[in-house]
Amino acid sequence: EIWILKSNVITSSNGIKWVQGMFRYLNYFCYYILIFIQFGVYSNVVAQGDYLIDLENRFNQKVALSTDESSGIASAYIQQGILFGIGSEAYGKLGLGSGAGDARIRKPTVLYRGVKHVDMGHRHTVFVTNNGDLFGMGQNALGEFGLGISEEQHQPVFLMSNVRLAYTRGHNVVVVKKDSTAWYSGQLADSKRFIKITDNVLKAVNNNSMIVVLKDDLTLWYTGSDHIGVSGNSPTTTTQNLELQKI
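Residues numbered from 1 in each chain as written. Predicted model: local features only at pLDDT ≥ 70, side-chain atom pairs only at ≥ 80, totals over all residues. Heavy atoms only, no water.

### Here we look at the overall build of the protein
Along its length, the protein carries 2 helices and 18 strands. Here the protein, with 247 residues, has 43% of them falling under the buried criterion. Nonlocal contacts in the protein, meaning residues at least 24 apart in sequence, comprise 42% of its contacts between residues at least 6 apart. Total accessible area on the protein is roughly 13500 Å²; 55% of this is exposed by carbon and sulfur atoms. (Helix = DSSP H or I, 4+ residues; strand = E, 2+ residues; numbered from the N terminus. Buried < 20%, exposed > 50% of the residue type's maximum accessible area, 1.4 Å probe, protein only. Contact = heavy atoms within 4.5 Å. Areas by Shrake-Rupley, 256 points an atom, 1.4 Å probe, with all protein chains shown as cover.)

What follows is the structure, encoded as structure tokens:
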């Protein structure tokens, strides 16, 4: 067996080593070319002011699950910009107009079109449309929708415009707007209206009792009640009036 490379006859063993070496150098070359391209694309994105749009695409959530066993499990997901729902319609969390506790959607059903981001709490759903409108549907017992009321919403109701992301857990909804401000409504405040938390936010998430914010300087902050010490502070640390504390 022989290898013929560049008109030279060489042994199989040497040929393998030569090919391996060439592939190694080729990999290095491609690696640095890709780094150069990525850096160029990244720089171009920042230079054009599209950095936040890029982040939005990275953080958009396409699948959400409501795991409240007392009202029934439900799921909402986005496929080609269409929001589908399946499972329990209790409290109106799929926005189909029923709200009946025993209503079950047994096959994927279209809920809304032109959607890019979705999240679900135990008994409600929030989603963001392609043009940045935030909608909510389902339980609103502690004013998590920021409407100034506590009635359930059995169909999608408009909550806020110019929104990039929205996340919900328990009776809390936290929103990041396109101007990088973070807003909150729910059980941690009594107003039943959205309250501005802070500026310069990349992402904000929450659980039942606290909100965690990632700022554009890559620092982490939280507000609420930290019962188990996930912030690295005392497990009993509680902030007041949505005041942020650095982690």
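That shown, we press on.
### Some remarks on the packing of aromatic side chains
According to the stated counting rule, one finds 5 aromatic pairs in the structure shown. With a centroid separation of 5.4 Å and an interplanar angle of 15°, the aromatic rings of Tyr77 and Phe84 are classed as stacked. The buried category is assigned to Phe84, whose relative accessible area is 15%. On the numbers, 5.0 Å between centres and 50° between planes, the contact of Tyr112 with Phe127 is tilted. With Tyr112 in strand β6 (residues 104-113) and Phe127 in strand β8 (residues 124-129), the pair connects residues that are 15 residues apart, well separated along the chain. The class of Tyr112 is partly exposed, set by a relative accessible area of 27%. The ring of Trp183 carries the charged tip of Lys177 above its face, separated from the ring centre by 5.7 Å. Over the face of the ring belonging to Trp221 we find Lys215, whose NZ or CZ atom lies 5.3 Å from the ring centre. (Phe/Tyr/Trp six-rings, centres within 6.5 Å; stacked < 30°, edge-to-face > 60°. Lys NZ or Arg CZ within 6 Å of the ring centre and 35° of its normal.)

### What to know about the sheet that holds strand β13 (residues 182-186)
The sheet built from 4 strands is open, its strands ordered β11-β12-β13-β14 with antiparallel pairing. Because the sheet does not close on itself, it has two edges, and the strands there are β11 (163-169) and β14 (195-198). The average undirected angle you get between the axes of adjacent strands in this sheet is 25°. Alignment of β13 against β14, held across 3 bridges, turns out to be antiparallel. Paired with Ala182 across the two strands is Thr198, which belongs to β14. (Pairing = 2+ DSSP bridges. Axes fitted to C-alpha atoms, helices over the stretch in contact; angles between N-to-C directions.)

### Observations concerning the confidence of the model for the protein
Per-residue pLDDT for the protein averages 78, and the proportion of residues at 70 or more is 70%. Mean pLDDT across the secondary structure elements of the protein bottoms out at strand β1 (residues 2-5), with 42, and peaks at strand β9 (residues 134-138), with 97. Note on residues 1-11: pLDDT is under 50 here. Beyond four places in sequence and across chains, it has 15 contacts. Per-residue pLDDT stays below 50 along residues 29-49; that stretch engages in 5 contacts with residues further than four places along the chain or on separate chains. (pLDDT = per-residue confidence, 0-100.)

### Some thoughts on unusual backbone geometry
The phi angle of most residues is negative, glycine excepted, and most peptide bonds adopt the trans form. Even without being glycine, Tyr91 reaches a positive phi, approximately 65°. Judged by its relative accessible area of 23%, Tyr91 is partly exposed. Here the phi dihedral of Leu218 falls at roughly 65°; this positive angle occurs in a residue that is not glycine. Looking at where Leu218 falls in the secondary structure, it is placed in the loop between β16 (210-215) and β17 (220-224).

### Considering the environment of Ile78
Relative to the assigned elements, Ile78 resides in strand β4 (residues 74-79). Ile78 sits in the buried class, given a relative accessible area of 12%. Spatially, the C-alpha atoms of Ile78 and Phe127 are 9.9 Å apart, while their sequence positions differ by 49 residues. If sequence neighbours within four positions are ignored, Ile78 has contacts with Gln61, Lys62, Leu83, Val115, Lys116, His117 and Val118.

### Focus: the sheet that holds strand β7 (residues 115-120)
Sheet architecture is open: 4 strands sit in the order β7-β8-β9-β10, paired in antiparallel fashion. Two strands close off the open sheet at either side, each with one partner strand: β7 and β10 (153-160). Across the sheet, the mean angle from the axis of one strand to that of its neighbour is 20°, orientation sign disregarded. As paired strands, β7 and β8 are joined by 5 bridges and run antiparallel to one another. What sits directly across from Asp119, in β8, is Val126.

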